[in-house]
Each structure stands twice: as structure tokens, then as C-alpha cells.
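The primary structure of each chain is shown beneath.
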Amino acid sequence: MLITTSRKPSQRTRSFCKSLDRVINSEYVNRGKMSLRDVLLKSSQLGFDKTALISETKGNPSKIDFYNEKGDIVLSMDVTVSITNSKGRLKTSELSMKSEMDTLNILGELLGIPKCRDILKQENILVLKEGDNERRALLEFYDFKGVITGPKIYIKDWRIFHD
């Protein structure tokens, strides 16, 4: 997956993108003056069939839009994020996902992360937890030692688009 930002991102948004790039099998590129079309072409050139565009409000990451290879938006999430200085490392090739929310299982597909078959597993894992209501969720990453690592993504709302 290619990760990029809206135009003229803040340092906090760039840090979030780099942190996300560190924990999933992806590549972060600075957008610069690229149009969305150019970003999607770049994603295709790099061999990715999905693109994540991180937008911000008042200098903070606030929205993640996922696009498919045709340039259609697939999932849009309103988020707040917590970026920690954690040095935990994930083995991205072994990353799997546990989900408490069937409605957001598409996220694992978009990120290219398979479902975890071992219910006891706590290492190299992305955990999607239910929030305090049906339209909220939390994404947490656990490193290869089972220690929580950044970033934390608090999903405030989402919209899934169908073909």
C-alpha cells in the first residue's frame, strides 16, 4: 500500500505516516505537488493496488481515505491518532489482525493483513477493538515481543463504499 498525505501536511501528520509505514507493509511518499491522479499512478508504478491518503485538521491527522487501483474510494475513516516514540518493531511479513468488529474486517484486506487464526496470539498483531459505541473503534499494534507499539488509531466514524 502506498501512504501519502493531503497537500502541505504538518510535521505531526508526516510523523504519523512514517509511523504507520513502519508497522504495515507499505511505502510512504511525500505528496508534494502531485495530484490525486499522479499519486494513484505512482502507487501503481511501485506495484501497489491500494493507496491511503491521510488528511488533517488543524495540523493533526483526522481522516484516512483508502483507494483501490482504479482510483475509487473504498473506505473513509474519521480518526484521531496517538503517535508514541515506541521503538517496538514488528515483523511486517508475519503481521496478522484480530478484530472485534466484523463491519471493519475490510480494513485487514485493505492493509494486506491476514486474519489471525490463533486467538491467544499477542505478537506481531494488529488488534481492532470495539469503541464506546457502534461507530467507534481502536486500532493497536503489538510488536514481535507482544508489547504495544505505536501508532494508536482511534476511529471516530467510517464509511464503506461498494462498487
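Residues numbered from 1 in each chain as written. Predicted model: local features only at pLDDT ≥ 70, side-chain atom pairs only at ≥ 80, totals over all residues. Heavy atoms only, no water.

Enquirer: I'd like a description of the sheet that holds strand S9 (residues 148–160), backed by residues and values.
Expert: Strand order in the open sheet formed by 9 strands is S2-S1-S3-S4-S5-S9-S8-S7-S6, with mixed pairing between adjacent strands. Of all the strands in the sheet, just strand S2 (27–28) and strand S6 (96–99) have a single pairing partner and so form its edges. Pairing geometry for strand S5 (residues 73–82) and S9, over 8 bridges, is antiparallel. When the bridges of S9 are listed, Asp 78 appears paired with Asp 157. Across the sheet, helix H1 (residues 11–23) lies against strand S1 (2–5), S2, strand S3 (50–57), strand S4 (60–68), S5, strand S8 (137–142) and S9, angled at about 105° from S9, the strand it touches most. (Pairing = 2+ DSSP bridges. Helix = DSSP H or I, 4+ residues; strand = E, 2+ residues; numbered from the N terminus. Contact = heavy atoms within 4.5 Å. Axes fitted to C-alpha atoms, helices over the stretch in contact; angles between N-to-C directions.)

Enquirer: Summarise empty space enclosed by the protein; cite the residues concerned and give the values.
Expert: On inspection of all chains with the given rule, the structure shows 2 cavities of 30 Å³ or more. Of the pockets and cavities examined, the largest cavity occupies roughly 60 Å³. Considering the residues around the largest cavity, the lining is formed by Leu 20, Ile 64, Phe 66, Met 77, Leu 107, Leu 111, Leu 126, Leu 139, Phe 141 and Ile 153. Counting residues per element, the ones that place at least two in the lining of the largest cavity are S4, helix H3 (106–111) and S8. A per-class count over the lining of the largest cavity returns 10 nonpolar, no polar and no charged. Lining the second largest cavity, in full, are Leu 40, Ser 43, Ser 44, Phe 48, Asp 49, Lys 50, Thr 51, Asn 68 and Glu 69. (1 Å grid on protein atoms, 1.4 Å probe; cavity = no way out; pocket = protein on both sides within 12 Å on 5 of 7 lines; lining within 4 Å. Points joined across faces, edges and corners; volume = space filled by probe spheres on them. Nonpolar A, V, L, I, M, F, W, Y, C, P; charged D, E, K, R; others polar.)

Enquirer: Tell me about the packing of aromatic side chains, and please be specific about residues and values.
Expert: Tallied over the entire structure, the rule returns 0 aromatic pairs. A cation sits over an aromatic face here: Arg 135 above Trp 158, 4.3 Å from the ring centre. (Phe/Tyr/Trp six-rings, centres within 6.5 Å; stacked < 30°, edge-to-face > 60°. Lys NZ or Arg CZ within 6 Å of the ring centre and 35° of its normal.)

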